[in-house]
Amino acid sequence: MDPAAKKLALRAINYGLHILTSTNGTEYGAGGVNWISQASFDPPLVMAAVKADSGSAAIIGETGTFAVNVLGADQLDIGKAFFRSTSVEGDQINGHGFEAGPETGAPLLTETAYWFECRVTDTVARGDHTVYVAEVVNAGVRDESVTPLVLRDTGMNYGG
Ligand SMILES: Cc1cc2nc3c(=O)[nH]c(=O)nc-3n(C[C@H](O)[C@H](O)[C@H](O)COP(=O)(O)O)c2cc1C
């Protein structure tokens, strides 16, 4: 395989950008992630690939739950706050307001328009990221006029 072609071909996949959150009640995980997709209508499944050695993967492994907050087109600044380690102070996570998801307790960012909570059904611990297949058990829309962010439009890459 040509490594340069592999990199370019994989980077040709289009992605959004999301804040994937989790908690075990005392510790919190929250990261900017693009490797997320729906995977079934019935039941409603998604798949998410999370860095195997991350704090988020440790918490999801323990609780089997997480939430996804979808960033809007003008919310890259929020995304950038979640490319680093997670810190919670009061009702702020990495400087952004959140509330506990009703089904999972995972943080729901109050500034993002779309969110869903997930319960893991299957875990594939294969490469440097662990793939979670998870059922969507709750979802909410704060503002349906918001257009989700497209990772390519930001000039950032995570893939290849
Ligand atoms: C553009 C971009 C996309 C990212 N996508 C993912 C992803 O899909 N999965 C992932 O595990 N980490 C992804 N990351 C890295 C995480 O944002 C980062 O490692 C994480 O916030 C650190 O969390 P931790 O404290 O749990 O280790 C991405 C980073 C960037 C800059």
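Because the structure is a prediction, the values reported are computed rather than measured.

Visitor: Provide a residue-level description of the packing of aromatic side chains, including the pertinent values.
Guide: One pass over the structure, following the stated rule, counts 3 aromatic pairs. Judged by centre distance (5.8 Å) and plane angle (65 degrees), the ring pair of Y28 and F98 falls under edge-to-face. In this pair, Y28 is assigned in strand β2 (residues 28-33) and F98 in strand β8 (residues 96-100), connecting sequence segments 70 residues apart. Y28 sits in the partly exposed class, given a relative accessible area of 28%.

Visitor: Please give an account of the site of the ligand that cites residues and values.
Guide: Every one of the 20 residues lining the ligand counts as a neighbour, but G32, N34, W35, K51 and F82 are closest to it. For the ligand, an oxygen atom lies 3.0 Å from a polar atom in the backbone of W35. Taken by itself the ligand offers 650 Å² of open surface, and the protein chains cover 86% of this. Those elements giving two or more residues to the shell around the ligand turn out to be β2, β4 (45-51) and α2 (55-63).

Visitor: How would you explain the environment of A5 if you had to name every residue and give the values?
Guide: Along the chain, A5 falls in helix α1 (residues 3-11). By relative accessible area, which is 37% here, A5 ends up partly exposed. Taking the C-alpha atoms as reference, A5 lies 9.1 Å from G160; in sequence the two are 155 residues apart.

Visitor: An account of α2 is needed here, citing residue identities and associated values.
Guide: What α2 keeps buried is the set S56, A57, I59 and I60. Relative to the axis of α2, the buried residues are bounded by an arc of 165 degrees and lie together on one face. The exposed residues of α2 that point more than 90 degrees off its buried face are A58, G61 and E62. At the exit of α2 stands G64, carrying a positive phi of roughly 70 degrees.

Visitor: I'd love a proper account of the pattern of salt bridges, names of residues and values included.
Guide: Inspection of every chain in the model, using the stated rule, returns 1 salt bridge. For R142, the salt bridge identified is with E99, shortest N-O distance 2.9 Å. Here R142, found in the loop between β11 (129-141) and α4 (151-154), pairs with E99, found in strand β8; they are 43 residues apart in sequence, far enough to count as distant. Residue R142 is classed as partly exposed on the basis of its relative accessible area, which comes to 33%.

Visitor: Go over the pairing of strand β10 (residues 114-125), please, and point to the residues and values.
Guide: Judged from the 6 bridges that link them, strand β5 (residues 65-70) and β10 form a sheet pairing that is antiparallel. Residue pairing for β10: V70 is matched across the bridge by Y114. Judged from the 11 bridges that link them, β10 and β11 form a sheet pairing that is antiparallel. Within β11, the residue paired with V124 across the bridge is V131. The antiparallel hairpin formed by β10 and β11 contains 3 residues in its connecting segment.

Cut-offs and rules
Residues numbered from 1 in each chain as written. Predicted model: local features only at pLDDT ≥ 70, side-chain atom pairs only at ≥ 80, totals over all residues. Heavy atoms only, no water. Phe/Tyr/Trp six-rings, centres within 6.5 Å; stacked < 30°, edge-to-face > 60°. Helix = DSSP H or I, 4+ residues; strand = E, 2+ residues; numbered from the N terminus. Buried < 20%, exposed > 50% of the residue type's maximum accessible area, 1.4 Å probe, protein only. Near = heavy atom within 4 Å. Polar contact = N/O pair within 3.5 Å; in protein donor to acceptor, adjacent residues only side chain to side chain. Areas by Shrake-Rupley, 256 points an atom, 1.4 Å probe, with all protein chains shown as cover. Arc of directions from axis to C-beta. Salt bridge = Lys/Arg side-chain N within 4 Å of Asp/Glu carboxyl O. Pairing = 2+ DSSP bridges.

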